[in-house]
Amino acid sequence: MKTIPFNQPVALGDELANIADALARGQLAGDGHFTKLCHRWMEARLGTKHALLTHSCTGALEMAAILCDLKPGDEVILPSYTFVSTANAFALRGAVPVFVDIRADNLNIDEKLIAAAITPRTRVIAVVHYAGVACEMDEIMALAAEHNLLVVEDAAQALLASYKGRMLGAVGHMGCISFHETKNVISGEGGALLINDDRFAERAEIIREKGTNRGRFLRGEVDKYTWVDLGSSFLPSELVAAFLEAQLKHADAVMERRRAIWQRYYEGVRDYAKSGTIQLPPAGYDDRLANGHLFYLLADSLKTRLALAAHLKARGINSVSHYVPLHASPAGMKFGRAGSDMKVTDDINDRLLRLPIYYGMTDADVDAVIAAVRAFFKG
Ligand SMILES: Cc1ncc(COP(=O)(O)O)c(C=O)c1O
């Protein structure tokens, strides 16, 4: 039986040649030729002031949390329906994650619930652009300005997705991107911190280089480098950057293919959404572009979701649920607290199923998944 994986990482062209080139250039440690090309690509395409490659989006979030200069007990507002790193990065600084519910339509943080979760200890709003669809950034940035808060975008899934013409990750004070092998553009593990406010640029460079002023030393601005601040080793090797640079060249093509697959799924099952058998996210928006990162449907119950996943599995198709909501996780309860009720998060969590989506997926594979989903609901 042919199987259809949930995700399939692929090389898009010059990855291996780039790695050989990096070796020939004689620098495999970070911040060499290919890292600089990746930085330039992100600055040009995403419109961020300073892009810094990191070893993961988790690393980028941890850098952002250090840059926010949080004191123990400071609070960070974020959705519960997200990956652990969004909260963990801030909890590592002693801050308290305050979880807010999500919107029922696109599962992004419900901007209308944020104001009520703000206290005198609130310092940061960390938004997550779920599935590569933008949060309500105008409302969120206005609220942050009103209360003097920083906005960190967890744009792990959102490369090249945009909001009112602005690239995600470049709208808040800082943005964090992932190049993990499940993302649109990959380097196995990988990420980037986007600095959109010059205030943070110098310190970001230091934090990423183990808390040293090595960057200034390499530019000839100081004659030796030393420990000047907190930091860690957040930069990836040139091997990773070389692989990534080859992928970034094809980032638009990858997004277009994933958007096409998304659309094919949508059209393939939307009659079930019309009849109320399943729920789907909005087909599109006038003011934002989604990047086709993931396609999900909401079944009517946990029972139906599990039965559908088993039905697909029996036909060789791998589908997966997503996050365990953080407010109900052991560490979430220990380090954080709920800042709103969690009606939508609790409701959708059991019902969400993600269907396979990856660059190399053929239309025939997509159609086979659609046919299997339809066979389940007809049965
Ligand atoms: C919303 C979100 N944030 C952060 C991450 C962490 O990314 P990374 O694996 O690059 O550390 C992920 C990973 O899937 C994610 O979905």
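Residues numbered from 1 in each chain as written. Predicted model: local features only at pLDDT ≥ 70, side-chain atom pairs only at ≥ 80, totals over all residues. Heavy atoms only, no water.

## So, unusual backbone geometry
The phi torsion of most residues other than glycine is negative, and most of the peptide bonds are trans. Where we set the bar: Per the convention used, a helix needs a DSSP run of H or I reaching at least four residues, while a strand needs a run of E reaching at least two, with both numbered from the N terminus.
Unusually for a residue other than glycine, D31 sits at a positive phi of about 65 degrees. Looking at the element boundaries, D31 is found in the loop between helix 1 (15-25) and helix 2 (33-46).

## Here's the deal with the domain arrangement of the protein
In many analyses, interface size is given as the accessible surface area lost on bringing the parts together. As a reminder of what qualifies: Either an automatic procedure or a domain database provided the assignment from which the domain bounds are taken. Residue contacts are counted whenever heavy atoms from the two residues lie within 4.5 Å of one another. Note: buried area is the sum, over both parts, of the accessible area (probe 1.4 Å) each one loses when the two are combined.
Taken domain by domain, the protein consists of domain 1 (15-248) and domain 2 (251-378). Between domain 1 and domain 2, the C-alpha centre-to-centre distance is 25 Å. Taken together, the 47 residues of domain 1 in the interface contact 37 residues of domain 2. Taking both partners together, domain 1 and domain 2 bury about 3500 Å²; carbon and sulfur atoms supply 55% of that area.

## A short note on the sheet that holds strand 6 (residues 162-163)
We apply this condition: Here, any two strands with at least 2 DSSP bridges between them count as paired.
Across the sheet, which stays open at both edges, the 3 strands sit in the order 7-6-10 with antiparallel pairing between neighbours. Looking at strand neighbours, the two that pair on one side only are strand 7 (166-167) and strand 10 (288-289), the edges of this open sheet. In the sheet, strand 6 pairs with strand 7 via 2 bridges, with the strands oriented antiparallel. Within strand 7, the position partnered with Y163 by the bridge is R166.

## Here we look at the packing of helix 11 (residues 302-314) against helix 14 (residues 363-378)
As a reminder, the rule being used: Axis angles are defined between N-to-C directions and span 0 to 180 degrees, where every axis is a line fitted to C-alpha atoms and, for a helix, only to the segment in contact. Here the word oblique covers every angle except those under 35 degrees (roughly parallel), over 145 (roughly antiparallel) and from 65 to 115 (roughly perpendicular). Left-handed is the label given to a crossing in which the near helix is rotated counterclockwise from the far helix by less than a right angle, and right-handed is the label when the rotation is clockwise. All amino acids are sorted into three groups, where Ala, Val, Leu, Ile, Met, Phe, Trp, Tyr, Cys and Pro are nonpolar, Asp, Glu, Lys and Arg are charged, and the leftover types, Gly among them, are polar.
The N-to-C vectors of helix 11 and helix 14 enclose an angle of 130 degrees; their axes lie 10 Å apart at closest approach. Considering their axes alone, helix 11 and helix 14 lie oblique with respect to each other. Seen along the crossing, helix 11 lies across helix 14 with a hand that is right-handed. Counting all contacts with helix 11, which are made through T304, A307, L308, H311 and L312, the residues of helix 14 involved are V369, A372, V373, A375, F376 and F377. A class-by-class count of the residues in the contact of helix 11 with helix 14 yields 9 nonpolar, 2 polar and no charged.

## A closer look at the nonpolar core
Quick reminder of the rule: Residues grouped as a nonpolar core are buried Ala, Val, Leu, Ile, Met, Phe, Trp, Tyr and Cys residues, joined through side-chain atoms within 4.5 Å. Three labels apply to residues, based on accessible area from a 1.4 Å probe with only protein chains included: buried if under 20% of the type maximum, exposed if over 50%, partly exposed otherwise in between.
Membership of the largest hydrophobic core comes to 45 residues, with the highest contact counts inside it found for M42, L159 and F179. Among the elements that line this core, the one with the most residues is helix 2, at 5 residues. Excluding residues within four positions of it along the chain, M42 makes contact with G47, T48, A51, L53, F179, A192 and L194. Listed in part, the 34 residues of the second largest apolar core include A65, V76, V152 and A201.

## Some remarks on helix 10 (residues 251-274)
Which entries qualify depends on this criterion: Helix span, expected: 1.5 Å multiplied by one less than the number of residues in the helix. The seven residues ending at a residue and the seven starting there each receive a fitted axis; the angle between those axes is the bend at that residue.
Here helix 10 contains 24 residues, and its C-alpha end-to-end distance of 33 Å stays within 8% of the 34 Å for a straight helix at 1.5 Å per residue. In the structure, helix 10 departs most strongly from a straight axis at G268, where the bend amounts to approximately 45 degrees. Looking at helix 10, one finds that the buried residues are A251, V254, M255, R258, I261, W262, Y265, Y266, G268, V269 and Y272. Against helix 2, helix 9 (238-248), strand 10, strand 11 (295-298), strand 13 (352-355) and helix 14 lie the buried residues of helix 10. Two residues or fewer past helix 10, G276 is found with a positive phi of approximately 90 degrees.

## Some points on the sheet that holds strand 8 (residues 174-178)
Sheet architecture is open: 8 strands sit in the order 1-9-8-5-4-2-3-12, paired in mixed fashion. Both edges of this open sheet fall to strand 1 (50-54) and strand 12 (337-338), since each of them pairs with a single strand only. Pairing between strand 3 (residues 96-100) and strand 12: 2 bridges, direction parallel. Bridge pairing in strand 12 places V98 opposite R337. Along the sheet, helix 2 makes contact with strand 1, strand 8 and strand 9 (191-195), crossing strand 1 at roughly 135 degrees. Sheet strands touched by helix 7 (residues 201-208): strand 1 and strand 9. Its angle to strand 1, the strand with the most contacts, is close to 15 degrees.

## Focus: the pairing of strand 3
Our working definition: The handedness of a crossover follows from its direction of travel: if, with the strands pointing away from the viewer, the path from the first strand over the helix to the second runs clockwise, the crossover is right-handed.
Of all the 5 residues making up strand 3, 4 are buried; the element is thus mostly covered by neighbouring parts of the structure. Taken together, the 5 bridges between strand 2 (residues 75-79) and strand 3 define a ladder with parallel strand orientation. What sits directly across from E75, in strand 3, is V96. A crossover connection joins strand 2 to the parallel strand 3 through helix 4 (residues 84-91); in handedness this β-α-β unit is right-handed.

## Looking at the site of the ligand
Formally: Residue proximity to a molecule or strand is established when one non-hydrogen atom of the residue lies within 4 Å of it. Any N or O atom pair separated by 3.5 Å or less is treated as a polar contact, with the protein-specific requirement of one donor-capable and one acceptor-capable atom, and with residues adjacent in sequence counted only for side-chain atom pairs. Computed by Shrake-Rupley with a 1.4 Å probe, the accessible areas treat only the displayed protein chains as cover when residues are assessed.
The local shell around the ligand holds 14 residues, among which C57, T58, D154, S178 and K183 are the closest. Between the ligand and T58 there is a distance of 2.5 Å, counted from an oxygen atom to a side-chain nitrogen or oxygen. With respect to the ligand, the side chain of Y323 contributes an N or O atom lying 3.1 Å from an oxygen atom. Relative to its unbound accessible area of 390 Å², the ligand is 91% covered by the protein chains. For the shell around the ligand, the class distribution of residues is 5 nonpolar, 7 polar and 2 charged.

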